[in-house]
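A look at the structure
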Amino acid sequence: MITVLDLISSFCKSRSRQVHEQPHLMLTGINQKVFLNQWGEPETQVGLNQLGRLNKLGTLFLITEPTKETPLSVWIYKKKDSILFFTKEKLVSHFSCKKFR
């Protein structure tokens, strides 16, 4: 079972590493509509609003319903083993669900 907190924590760590390593950027920039047309609606959607940063805890996010105003959207396609991160409706990163188990 993937917990949202594990997902957020892993995403934040991976974004800081992406400056040096870029393993999950092959599809970067693809619009959300492409995934909707090809894969249909994701099984899970989460919106994240950044609340701020704490030195020892890292970045804090508020989990919300995904909307167009949500700065970061997380889509989970369990059947396709994919977790997708979108900013402004563009893909910024993607992972295998298996990495979060």
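Residues numbered from 1 in each chain as written. Predicted model: local features only at pLDDT ≥ 70, side-chain atom pairs only at ≥ 80, totals over all residues. Heavy atoms only, no water.

What about the sheet that holds strand β1 (residues 44-54)?
The five strands are arranged β2-β1-β3-β4-β5 in an open sheet whose pairing can be described as antiparallel. The sheet is open, and its two borders are formed by β2 (58-64) and β5 (90-95), each paired with just one other strand. Taken over all neighbouring pairs, the strand axes of this sheet differ in orientation by 30° on average, direction set aside. Relative to strand β4 (residues 82-87), strand β3 (residues 72-77) runs antiparallel, the two being bridged by six bridges. Counterpart to Val74 in the pairing with β4 is Phe85. (Pairing = 2+ DSSP bridges. Helix = DSSP H or I, 4+ residues; strand = E, 2+ residues; numbered from the N terminus. Axes fitted to C-alpha atoms, helices over the stretch in contact; angles between N-to-C directions.)

Examining a nonpolar patch on the surface
Together, Leu51, Leu54, Leu57, Leu60 and Leu62 line one region of the surface with nonpolar side chains, adding up to about 480 Å² of accessible area. Where the nonpolar patch is concerned, the elements lending two or more residues are β1 and β2. Turning to its location among the elements, Leu51 is positioned in strand β1. Here Leu51 falls in the exposed class, since its relative accessible area comes to 59%. (Patch = residues over 30% accessible without salt bridge, like charges linked within 9 Å, V, L, I, M, F, W, Y side chains within 5 Å. Areas by Shrake-Rupley, 256 points an atom, 1.4 Å probe, with all protein chains shown as cover. Salt bridge = Lys/Arg side-chain N within 4 Å of Asp/Glu carboxyl O. Buried < 20%, exposed > 50% of the residue type's maximum accessible area, 1.4 Å probe, protein only.)

Observations regarding the packing of aromatic side chains
Summed over all chains, the structure comprises six aromatic pairs. Both rings, one in Phe35 and one in Phe86, keep their centres 5.8 Å apart while their planes meet at 75°; by these two values the pair is edge-to-face. Note that Phe35 is positioned in helix α2 (residues 32-39) and Phe86 in strand β4, a separation of 51 residues in sequence. Accessibility expressed as a relative area gives 1% for Phe86, which makes it buried. Between Trp75 and Tyr77, the ring centres sit 6.5 Å apart and the planes meet at 65°, which makes this aromatic pair edge-to-face. The same class applies to Trp75 and to Tyr77, which are both buried. (Phe/Tyr/Trp six-rings, centres within 6.5 Å; stacked < 30°, edge-to-face > 60°.)

What about the side chain of Gln32?
Following the sequence through the fold, Gln32 ends up in helix α2. Taking relative accessible area as the criterion, Gln32 reaches 12% and is therefore assigned buried. Among all residues touching Gln32, those that are not within four sequence positions of it are Ser73, Trp75, Phe86 and Glu89. (Contact = heavy atoms within 4.5 Å.)

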